[in-house]
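Listed below are the residues making up each chain.
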Amino acid sequence: MTKKLIIAASLVALFVFGGVCGFAVAVGIVKRTLNEEHFIEHRISEDTGRLKLTPEQVAKARPSYDQLRQDLGKAKADAVLAIVDAAVKQARELAPLLTPEQQKEFKILSDERRLRFEKKAKP
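Quick summary incoming for the structure in this document. Everything numeric here is computed off the predicted structure, so don't read it as measured data. (Residues numbered from 1 in each chain as written. Predicted model: local features only at pLDDT ≥ 70, side-chain atom pairs only at ≥ 80, totals over all residues. Heavy atoms only, no water.)

## Some words on the overall build of the protein chain
- Within the protein chain, the regular secondary structure consists of 4 helices and 0 strands.
- In sequence order, the secondary structure elements of the protein chain are arranged as α-α-α-α.
- Here the protein chain holds 123 residues, and the buried ones make up 7% of them.
- Taking the intrachain contacts of the protein chain between residues at least 6 apart in sequence as the baseline, contacts between residues at least 24 apart amount to 48%.
- Of the roughly 10,700 Å² that the protein chain leaves accessible, carbon and sulfur atoms contribute 67%. (Helix = DSSP H or I, 4+ residues; strand = E, 2+ residues; numbered from the N terminus. Buried < 20%, exposed > 50% of the residue type's maximum accessible area, 1.4 Å probe, protein only. Contact = heavy atoms within 4.5 Å. Areas by Shrake-Rupley, 256 points an atom, 1.4 Å probe, with all protein chains shown as cover.)

## Some words on the environment of Leu-94
- Examined against the element boundaries, Leu-94 turns out to sit in helix α3 (residues 55-94).
- For Leu-94, a relative accessible area of 27% puts it in the partly exposed group.
- As a C-alpha pair, Leu-94 and Phe-106 span 12 residues in sequence and 9.4 Å in three-dimensional space.

## Considerations on unusual backbone geometry
- The residue Lys-52 is not glycine, and still its phi comes out positive at about 55°.
- The topology assignment puts Lys-52 in the loop between α2 (36-51) and α3.

## Concerning the side chain of Asp-47
- Along the polypeptide, Asp-47 turns up in helix α2.
- Buried Asp-47, no salt bridge; nearest opposite-charge side chain is Arg-43, N-O distance 4.3 Å.
- What Asp-47 contacts, discounting residues up to four positions off in sequence, is Lys-52, Leu-53 and Tyr-65. (Lys, Arg positive; Asp, Glu negative; His and termini not counted. Salt bridge = Lys/Arg side-chain N within 4 Å of Asp/Glu carboxyl O.)

## Digging into the pattern of salt bridges
- Enumeration according to the criterion identifies 8 salt bridges in this entry.
- Here Glu-36 makes a salt bridge to Lys-76, at a shortest N to O gap of 3.2 Å. Pair noted here: Glu-36 is in helix α2 and Lys-76 is in helix α3, with a separation of 40 residues, a long-range link.
- Lys-76 sits in the partly exposed class, given a relative accessible area of 46%.
- Lys-107 is paired through a salt bridge with Asp-111; the nearest N and O atoms lie 3.0 Å apart. You can see Lys-107 and its partner Asp-111 sitting in helix α4 (residues 100-121), 4 residues apart, about one turn around the helix.
- The exposure class of Asp-111 is partly exposed, given its relative accessible area of 27%.
- Ionic contacts of the salt-bridge type, sharing partners, join the residues Glu-37, Glu-41, Asp-66 and Arg-69 into one network.

Shown next as structure tokens:
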């Protein structure tokens, strides 16, 4: 019975460890992918290599990559604003449902969330 328990515990630990490692790797990949600079440089490199672009072609195409960078930045900013708007809307719908004591705690919670958001938004 003890050996079965040790084996089961080992398998659970291995599963948890694998999940944590997989999550960490996935988060790293997503962060790199969502970085506009990394995305643009990777795209230029891939286009140059796969399409065998000459240095002159790369130079002429540079403005289109710069425009892509600007478009991605705008899309990211628009997405952040949409997320903030959705969160504010949800908070406004929740607030009237709360008791006065819950509203006090909700204000504290909202302030904490705002501070976390501002901290993450800083470059």
